[in-house]
Each structure stands twice: as structure tokens, then as C-alpha cells.
Amino acid sequence: MSLEDFVEITEGKTKLLVPSLSLSNKVPPKVPAFFNPVARLNRDISILVYKTFIMDVKKDRRTFGDPFGGVGARSLRVAVEIPEVEHVFVNDRNIFAIDAARKAATINLVSDKCSFTSEDVIAFLANHSSEKNERFTVVDLDPFGSPAEYVDCLLRAVVKGGMVSVTATDTAVLCGVHPNVCKRKYYGRSLHSSSYSHEIALRILISLIVLTAARLDLVVHPIFVHLNHHYIRVYMTASVSRSGANSIDKKIGYLRDCIKCGDRNAAFELERDDRCRLCGSAYRFAGMLWLANLFDKHFVSNMICILDKGDRPGPVRHMRKTLSTCLNELDDIPFYFQSDEIASRLSTNPRSLQNIIERLQSSGYTASRSSLDPNGFKTNAQINQILDLLARP
Ligand SMILES: [Zn+2]
């Protein structure tokens, strides 16, 4: 294997050396190195998040750590497109990937601000987790599959006041397809085939990171999240606070879900033989999971400002639309309803989300879209109230 198997492409403002097969094959191969061209939007969003975050960080030296760095697609973009970041640490076990990353850093004239290693991920994070050695201002965890086994090391490698970003691609596990795996990796139970399983998945992942952090007297809080069918991605700030770590019992809990009537609600504790408050059937439950907000709305507004300022990474219109949905989302409600689900309960055609939201609001309920599902809406109305309202002509 040699660098001849790699070709140069431009993503954002950055030149990358990527395996030529990753551009031609339907599924990008792992040999000689992994690069997923379709994940460009994911990386565009991350550049915008990091840029927004790093501008407010008051530190002498702002650094970025990338333990699963691959060919450097994310970290080289950070080095080139976020000048406020002083140093980028790229690590990958695959030496072909790291060679390509190193060469691309030279092409982009950012070699001075990049370090390259080919260590085991745990060792790389451990090497950056002491006072003496540098902890990262921002550290990203983007493994194949579950991030669960790395969360401890990740949280030890971030500076207080810094940020971690975490990707999970084991969405089937988090959505409840393999309940035993979900329980042992994430300490949570999901609801398979529920209409809002993606939000449950996301909140189970956040809960694992929050609980792990609390063990280390750290408080982490989501400031931005996004997902699609293939991955879930969360951005969380980290700070030290024992009292903050103690307050997680007000943020972690369960969802109760009634298959029969469609009722769903949050609870901090589960009671034995819990029955649906509307129809009396037995509830299913999901959790432990995160019950508090998903977004820091002030942060999301700042992201929109940076996007609008013109220094634009990626397809702006799509990102602008997603961000404004996040900004208006009732993200303290930990579930949503789908328009088709309501239509099927009413045996009618689905109404537009716009129409549903306007009807709910004009009847005095809160209502918003969900950024996690183009078909989803959030409301403080209960299922019986929603059905009653939408059954009217
Ligand atoms: Zn019920």
C-alpha cells in the first residue's frame, strides 16, 4: 500500500488526501484507510460548532484532539479553517491514514500546528489526561460503532471548560434492536419500534456520558446534537462542579410509553405496576436517559450568526434551516409525536406539521417541530388532547 492509492480532494477550504476507492466504492473500504465522503455535512457542522465554541474560550493555548483521526478529514479542517485553534493532535492506529494526514498537512501549510501519532486510542487519550501533559480544549470521539468503551478516557482528556464531541454509529443498539447490548454498554433500555426511538437513542447516549462524567466530579451538558439514520452526534461542554454533578438526579430518568393509547411522559423514578394515566394499560419504559435540554439556545444563535457572517463551511441553506428548527425546538420535552402516527390513530391522511403546530398553539398548547425527525412535533398536549383537537375538521 502506498500514497499512490490516495487522491487529493478539497472539502471546505482544506485539501485532503483520501483513498481513491473511497470515492468510487458504494461503501468506503477500511483499507488502505477509511474516509467517508458522504459524512461531509457531518464535518461541516462540526467545523461550525467548534468555531463557535472556540471563539468564546479564554485559554492561552487552544487545542483539538482527534483520537480516531483517520486521514485527518476532521482535524485538518480544524487546523485550516479555524485559525483560533493553535494546535491539532491527530491520531490513528492505521499508519497509511496517518501518512496521508501528515502529507495533507504539508500541502495545506499547517504542518507547524499539527502533531501526528499512531497510538492505541486509550493510550493516546491517557497521554493527554494529566496536568503535566496537555489536555485538549476540544476532543472528538468518532469510532466505528459504539463510543461507550472510550468515554472515561475521553472525559479525562478534556480541559475544564472544554468540549467533547461524540459520535455513535451503533444506532440499532441505541434504538432498541439489541436490548442486552444497550443495557450493558449504555446502562439504559430503549423502545424498539417506537415512533420517537431516535430521540430515545440520543438521550441514552447523553445519559451515559453524563453519568460517567459525574463519577469523575465533572459536569457535562449538551449544547448541540444532530443525527440521521446512520449516526448520532452530541457536543457537550465540560466543567468541574461537585454540586452540579449532584444535580443530575433531576436530569436523568425514564420515559413511560403506552402502546395502546399512545401516551408518553417522563418520570424520575419508576413505580411498580405503573399504569397508563389515560387508559390504564401497562406502560413500557425507556431509560435511564437524559431528560433535560438538548441545546444551548444562545450557542445555537451564535452558530447562526457565524454562518450568516459569510465565512461559510458547507451547504449553508440546509444548515441554516436545521439550526433554526433547533432554535425553536421545545427540547425540554424528551419525546415527540409523528404526524403519520396521529393520522393512523385518527384513520385520516396526515396533516402538515405546520397545520398541526398552528392548531395546537392556537388552542393554548406549546408546540414545535423536532430537529431529530422531519415528521415529528413536540407539544405539552397529551395524546388524547392532540387527537381530540386534530379530529376536528
Ligand atoms: Zn394508555
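This write-up is about the structure you can find in this document. (Residues numbered from 1 in each chain as written. Predicted model: local features only at pLDDT ≥ 70, side-chain atom pairs only at ≥ 80, totals over all residues. Heavy atoms only, no water.)

Digging into the nonpolar core
Then, number 1: By size, the foremost hydrophobic cluster in this structure holds 127 residues, and its most contacted members are Y186, L202, I206, I209, F224, V234 and F377.
Then, number 2: Among the elements that make up this core, the one with the highest residue count is helix α9 (residues 197-215) (11 residues).
Then, number 3: Setting aside anything within four residues of it in sequence, one finds L202 in contact with V225, L227, I232, V234, L294 and L372. (Core = buried A, V, L, I, M, F, W, Y, C linked by side-chain atoms within 4.5 Å. Buried < 20%, exposed > 50% of the residue type's maximum accessible area, 1.4 Å probe, protein only. Helix = DSSP H or I, 4+ residues; strand = E, 2+ residues; numbered from the N terminus. Contact = heavy atoms within 4.5 Å.)

Some remarks on the sheet that holds strand β4 (residues 87-91)
Then, number 1: Here 7 strands make up an open sheet; going across it, the order is β5-β4-β3-β6-β7-β9-β8 and the pairing mixed. The open sheet is flanked by β5 (114-117) and β8 (218-227), the only strands paired with a single partner. Direction aside, the axes of adjacent strands within the sheet are offset by 15° on average.
Then, number 2: Where β8 meets strand β9 (residues 232-240), 9 bridges bridge the pair, whose relative direction is antiparallel. Across the sheet, the residue bridging to L227 is I232, located in β9.
Then, number 3: The sheet contacts of helix α2 (residues 40-55) involve β3 (63-66), β6 (136-141), β7 (158-168), β8 and β9, and relative to β9 the element is tilted by about 20°. (Pairing = 2+ DSSP bridges. Axes fitted to C-alpha atoms, helices over the stretch in contact; angles between N-to-C directions.)

Some details on the packing of aromatic side chains
Then, number 1: Under the criterion given, the structure shown has 13 aromatic pairs.
Then, number 2: Between Y254 and F285, the ring centres sit 5.9 Å apart and the planes meet at 75°, which makes this aromatic pair edge-to-face. Of this pair, Y254 sits in strand β10 (residues 252-257) while F285 sits in strand β12 (residues 284-290), placing them 31 residues apart in sequence.
Then, number 3: With relative accessibility at 27%, the residue F285 sits in the partly exposed group.
Then, number 4: Ring pairing ties together the aromatic residues Y50, F64, F224, Y235 and F295, which thus form one cluster. (Phe/Tyr/Trp six-rings, centres within 6.5 Å; stacked < 30°, edge-to-face > 60°.)

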